[in-house]
Amino acid sequence: MIPITTFEGRKVALFGLGGSGLATARALKAGGADVVCYDDNDARVQQAASEGLTTLDLRNLDWDGVEALVLAPGVPLTNPIPHWTVDLARDAAVEIVGDVELFCRERRKQCATAPLIAITGTNGKSTTTALVAHLLKELGLDVQVGGNIGTPVLDLEPLQPGRHYVVECSSYQIDLAPTLDPSVGIHMNLSPDHLDRHGTMENYAAIKERLVAGSRVAVVGVDDGLSSAIADRLELAHKPVCRIAGERELTSGIYARFGRLYEAHNGSQSEVALLGGIDSLRGDHNGQNAAAAFATLRALELPADRIAAAMKTFPGLHHRMEIVAKRGRILFVNDSKATNAEAAGRALSSFDRIYWIAGGRAKAGGIAVLDEYFPKIAKTFLIGEAAEAFSKTLVGRVPFKISGTLPEAVIDAAGEAAEDGADEIAILLSPACASFDQYPNFELRGAAFVDAVRALPDAGNTQEVA
């Protein structure tokens, strides 16, 4: 835990007692704050009370003397309407912050020299966070990793000089962190997402930009126009900026092309790492992820040759293009984290012969935007609520079968792939959908895929990778 002493002896209201919210309440209490917490879920309130935390319906709180309202990231700050606690805090002129903001204030107070690497982006931020943390550990550094990727930031080990904090930040967390000031800030890319929470694409982009605007060094992906404009604005503001790309050459920055990583200065390029042959870093999108990680470690003044060597040992991120087993020429790939079409497109772009398992609870737009990848798909096996709608997109363009369930889809795909003579075949779970029709979350959906692969007939000929 990182005790939050910046509110020692002061009154703080907290709403939202899920994983990160409860961790935040504990950290505030450990740091000496008078914290009063609440949640709309009675069971969570009871759990907090059982741990000795003070609980009270914040509608009944006397807001005089309250120094801050701490919101859990999932609680709406603005859209579609502000949460009722936000209205109460604003009426009382009380500032509203989140756990990442508390971490940043504590870091400045206790140990400003502890490096903070903060990562955001619509896609790729979790893989980049995991890759940066892996590289730092491989180079022998003390590393803590958390935030939006898993462990709440205030549940990390206490601040110490030389301890590197690698923190994935969602747009919700950035919105609640007005003084976010990482040593290195990474912004990967932008595409429409969470607009129900941010209202417009412009608002969403502006929130993402704040992470790199407050950083000592900004690493910015420029494969999309909105992000490229962010890099230009930062440069005009005289912020140190390193541009990165996975889909095009750069005259200055770090970019990936044809399985290699290049560093460019004033139009002169030199190869700095070989990505080909690293299964966990297949595809242009992973080229951008690798470029971001390489640029970050170089900004921390770590040696290029050791960074390149450490990349070869990256195991990848669970449920994101994770090769979980091999059977001869057939790869079984768990990309359950691909909960929208754009994320699924990144996986589809990374293999040449695909037996695709897709479906679940559909997002707006379906899979029509993935048509450029249809020639790579030998057959699609559809599951869940989206099966009928997706079949209408595929009819006459890609062979498909409505398998219905994930275990059936694995059996169907494995049977047909075994008859395919291609040199390399991917049986790819990349649903382009939320999981909630059949599974509580994408992690359990990915685990079900792994279980189904293990249960295949003749499983003794299948080499488990993860």
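The coordinates are above.
Analysis parameters
Per chain, residue numbering runs from 1 following the sequence as it is written. It should be noted that, the model being predicted, local features are given only for residues of pLDDT at least 70 and side-chain atom pairs only at 80 or more, the latter also being counted only at that level, while totals for whole chains, interfaces and linings use all residues. Derived side-chain values reflect all non-hydrogen atoms in the structure, with water molecules and hydrogen atoms excluded from consideration. Going along the chain from the N terminus, every DSSP run of H or I of four or more residues is numbered as a helix, and every run of E of two or more is numbered as a strand. C-alpha atoms define the radius of gyration in this analysis, and the globule rule sets the expected value at 2.2 Å times the number of residues to the power 0.38. Summary of the burial criterion: residues with accessible area below 20% of their type's maximum are buried, those above 50% are exposed, and those between are partly exposed, where the area comes from a 1.4 Å probe applied to protein chains only. Contacts are assigned to residue pairs with any non-hydrogen atoms lying within 4.5 Å of each other. In these tables, accessible area is a Shrake-Rupley quantity obtained with a 1.4 Å probe, and a residue counts as shielded only by the protein chains included in the view. When DSSP finds two or more bridges between a pair of strands, those strands are recorded as paired. Axis lines are fitted to C-alpha atoms, over the contacting stretch for helices. Their N-to-C directions set the angle, which ranges from 0 to 180 degrees. In this scheme the handedness of a crossing depends on how the near helix is turned from the far one: anticlockwise by less than a right angle means left-handed, clockwise means right-handed. Orient the strands so they point away from the viewer, and a crossover whose first-strand-to-second-strand path over the helix runs clockwise is right-handed. A side-chain nitrogen of Lys or Arg and a carboxyl oxygen of Asp or Glu constitute a salt bridge if their distance falls within 4 Å. Polar contact is defined as a pair of N or O atoms within 3.5 Å, subject to the rule that within protein one atom must be able to donate a hydrogen and the other to accept it, and that residues adjacent in sequence are counted only when both atoms are side-chain atoms. To pair, rings of Phe, Tyr and Trp, with the six-membered ring standing in for Trp, must have centres within 6.5 Å; the planes then decide the type, stacked if under 30 degrees apart, edge-to-face if over 60, and tilted in the middle. Throughout this description, the term charge over a ring refers to an Arg CZ or Lys NZ atom that lies within 6 Å of the ring centre and within 35 degrees of the ring normal.

Chemist: Just give me the short version of the overall build of the chain, but keep the residues and values in it.
Modeler: A tally of regular secondary structure across the chain gives 15 helices and 23 strands. Taking 2.2 N^0.38 as the reference for a compact globule, 466 residues should give roughly 23 Å; the C-alpha atoms of the chain span a radius of gyration of 23 Å, in line with that estimate. Its C-alpha atoms put the chain at 70 × 55 × 40 Å along the principal axes. Per-residue burial for the chain yields a buried fraction of 57% across its 466 residues. In the chain, 65% of the contacts between residues at least 6 apart in sequence involve partners at least 24 apart. About 18,500 Å² of surface is accessible on the chain, with carbon and sulfur atoms providing 49% of the total.

Chemist: An account of the sheet that holds strand β10 (residues 217–221) is needed here, citing residue identities and associated values.
Modeler: Read from one edge to the other, the open sheet built from nine strands follows the order β7-β8-β6-β9-β10-β11-β12-β13-β14, with strand pairing classed as mixed. Because the sheet does not close on itself, it has two edges, and the strands there are β7 (142–147) and β14 (268–274). Each adjacent strand pair in this sheet contributes to an overall mean axis angle of 20°, direction not counted. Two elements, strand β11 (residues 241–245) and strand β12 (residues 253–257), share two bridges in a ladder whose sense is parallel. Counterpart to Ile244 in the pairing with β12 is Ile254.

Chemist: Summarise the sheet that holds strand β3 (residues 54–55); cite the residues concerned and give the values.
Modeler: Spatially, β3-β2-β1-β4-β5 is the arrangement adopted by the five strands of the open sheet, whose pairing is parallel. Unpaired on one side and paired on the other, β3 and β5 (95–97) mark the two borders of the sheet. Sheet analysis places strand β2 (residues 34–38) next to β3, joined by two bridges and oriented parallel. For Cys37, the partnering residue across the bridge sits in β3 and is Thr55. In this fold helix α1 (residues 19–30) packs onto β1 (11–15), β2 and β4 (66–71), with an angle of close to 170° to the strand it touches most, β1.

Chemist: Go over the packing of helix α5 (residues 125–138) against helix α11 (residues 304–311), please, and point to the residues and values.
Modeler: Two numbers describe a pair of packed helices, the interaxial angle and the distance between the axes. Running from amino to carboxyl end, α5 crosses α11 at an angle of 115°, the nearest separation of the two axes being 9 Å. Where α5 crosses over α11, the two elements pack in a sense that is right-handed. Contacts from His134, Leu135 and Glu138 in α5 reach Arg306, Ile307, Ala310 and Met311 in α11.

Chemist: Go over the environment of Ala130, please, and point to the residues and values.
Modeler: Within the secondary structure layout, Ala130 lies in helix α5. You can call Ala130 buried: its relative accessible area is 16%. For the pair Ala130 and Gly9, spaced 121 residues apart in sequence, the C-alpha separation works out to 37 Å. Discounting chain neighbours no more than four positions away, the residues touching Ala130 are Ile149, Phe314 and Leu317.

Chemist: Account for the pairing of strand β20 (residues 400–404), naming residues and giving values.
Modeler: Pairing of strand β19 (residues 377–383) with β20 involves four bridges; the strand directions are parallel. The residue bridging Thr380 from the neighbouring strand is Phe400, located in β20. Traced from β19 through helix α13 (residues 387–394) to β20, the parallel crossover comes out right-handed.

Chemist: Provide a residue-level description of the pattern of salt bridges, including the pertinent values.
Modeler: Here the structure, examined in full by the defined rule, presents 24 salt bridges. Arg44 is paired through a salt bridge with Asp39; the nearest N and O atoms lie 3.6 Å apart. Judged by its relative accessible area of 36%, Arg44 is partly exposed. Residue Lys379 pairs with Glu416 through a salt bridge whose shortest N-O separation is 2.8 Å. Within this pair, whereas Lys379 is found in strand β19, its partner Glu416 is found in helix α14 (residues 406–417), the two being separated by 37 residues in sequence. Several salt bridges converge on common partners, so that one network encompasses Asp279, Arg282, Lys326 and Glu424.

Chemist: Tell me about unusual backbone geometry, and name the residues and values.
Modeler: Note: most peptide bonds trans; most residues except glycine with negative phi. In this model, His238 sits at a positive phi of 65°, which is unusual for a non-glycine residue. Structurally, His238 is set in the loop between α9 (225–236) and β11. Its identity is not glycine, yet Phe258 carries a phi of approximately 50°, on the positive side. Positionally, Phe258 belongs in the loop between β12 and β13 (260–265).

Chemist: Outline the side chain of Asn286, supporting the account with residue identities and numerical values.
Modeler: As for its placement among the helices and strands, Asn286 is situated in helix α10 (residues 283–299). A relative accessible area of 3% means that Asn286 is categorised as buried. When neighbours within four sequence positions are excluded, Asn286 is seen to be in contact with Thr127, Ser280, Leu281 and Met321.

Chemist: How would you summarise the side chain of Asp412 if you had to cite specific residues and measurements?
Modeler: By the element assignment, Asp412 lies in helix α14. Here Ser403 takes part through its side chain, which lies 2.8 Å from a polar atom of the side chain of Asp412.

Chemist: Tell me about the pairing of strand β16 (residues 330–334), and name the residues and values.
Modeler: The side chains of a regular strand alternate, first on one face of the sheet and then on the other. Along β16, five of the five residues are buried, which leaves the element largely enclosed by surrounding structure. Across five bridges, strand β15 (residues 322–327) lies against β16 in antiparallel orientation. Its bridge partner lying in β16, Arg327 is registered against Ile330. Linkage of β15 to β16, two consecutive antiparallel strands, is achieved through a turn of two residues, within which Gly328 is found at a positive phi near 60°. By the bridge criterion, five bridges tie β16 to strand β21 (residues 425–429) in an arrangement that is parallel. Within the sheet, the bridge partner assigned to Asn334 lies in β21 and is Leu429.

Chemist: Before we move on, could you go through the packing of aromatic side chains and cite the residues and values that matter?
Modeler: The tally for this structure, following the rule as stated, stands at five aromatic pairs. When the centroid spacing of 5.3 Å and the interplanar angle of 20° are considered together, the rings of Tyr255 and Tyr262 count as stacked. Ring plane angle 25° and centroid distance 6.5 Å describe the contact between Tyr355 and Phe381, whose orientation is recorded as stacked. Of the two residues, Tyr355 is situated in strand β17 (residues 354–359) and Phe381 in strand β19; the sequence distance between them amounts to 26 residues. The same class applies to Tyr355 as to Phe381, namely buried. An aromatic cluster is present here, built from Phe15, Tyr38 and Trp84 joined pairwise through their rings. Arg59 extends its terminal NZ or CZ atom over the ring of Trp84, reaching a point 3.8 Å from the ring centre.

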